[in-house]
Each structure stands twice: as structure tokens, then as C-alpha cells.
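A structural walkthrough
Each chain, letter by letter, is given below.
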Amino acid sequence: MDKNCWLLQIKDRQYASWIQDYMGEILPIGINFDRKSKEHTCVIEAWGKRT
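Residues numbered from 1 in each chain as written. Predicted model: local features only at pLDDT ≥ 70, side-chain atom pairs only at ≥ 80, totals over all residues. Heavy atoms only, no water.

Ranked by size, the top nonpolar core spans six residues in total: Trp6, Leu7, Ile19, Ile26, Val43 and Trp47. With near-sequence residues (within four places) excluded, isoleucine 26 lies in contact with Ile19, Glu45, Ala46 and Trp47. (Core = buried A, V, L, I, M, F, W, Y, C linked by side-chain atoms within 4.5 Å. Buried < 20%, exposed > 50% of the residue type's maximum accessible area, 1.4 Å probe, protein only. Contact = heavy atoms within 4.5 Å.)

So, in C-alpha cells, the structure goes:
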């Protein structure tokens, strides 16, 4: 699974639309765990202030 697919899903399905008027910074965090390899990946993306 692509480690960034969660971010595309948030954007495509507009899950974050309830905070569209928020003027501060947002840090969405995605964490995936692979049961077979017992490894995890973490992706943090900064969404900047809107002007």
C-alpha cells in the first residue's frame, strides 16, 4: 500500500472540509503498520496557513 494513499483519500473525499476556515497550521499524520514485516511508516505533512 502506498504510504501516501491516506493523504490522497483525505483530499479526494474532503474529510478535512470542516476545518476549511481554520487559519492556523495543520499537521496531518499518517501511520501504517505492516503485520508481516512488523515495520511501520509515518508520514507528516504540513498544511500551511491560508491567507
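This brings us to the environment of lysine 11. The topology assignment puts lysine 11 in helix H1 (residues 5–12). In this structure lysine 11 comes out as partly exposed when scored by relative accessible area, which is 45%. What lysine 11 contacts, discounting residues up to four positions off in sequence, is Glu45 and Trp47. (Helix = DSSP H or I, 4+ residues; strand = E, 2+ residues; numbered from the N terminus.)

On to unusual backbone geometry. Phi is positive for lysine 38, which is not a glycine, with a value near 60 degrees. With respect to the secondary-structure elements, lysine 38 resides in the loop between strand E1 (29–34) and strand E2 (39–44).

Chain-level pLDDT for the protein is 79 on average; 86% of the residues reach the 70-or-more range. When pLDDT is averaged over each element of the protein, E2 comes out on top at 87 and H1 at the bottom at 77. (pLDDT = per-residue confidence, 0-100.)

Tracing the chain through its elements places isoleucine 44 in strand E2. Remark: the alpha-carbon pair of isoleucine 44 and leucine 7, spanning 37 residues in sequence, is separated by 9.6 Å. Setting aside chain neighbours within four positions, we find isoleucine 44 in contact with Leu27, Pro28 and Ile29.

Below, the discussion takes up a nonpolar patch on the surface. Residues Leu27, Ile29, Ile31 and Ile44 make up a contiguous nonpolar surface patch of roughly 430 Å² in combined accessible area. With respect to the element layout, isoleucine 29 can be found in strand E1. Looking at isoleucine 29, the relative accessible area reads 51%, which means it is exposed. (Patch = residues over 30% accessible without salt bridge, like charges linked within 9 Å, V, L, I, M, F, W, Y side chains within 5 Å. Areas by Shrake-Rupley, 256 points an atom, 1.4 Å probe, with all protein chains shown as cover. Salt bridge = Lys/Arg side-chain N within 4 Å of Asp/Glu carboxyl O.)

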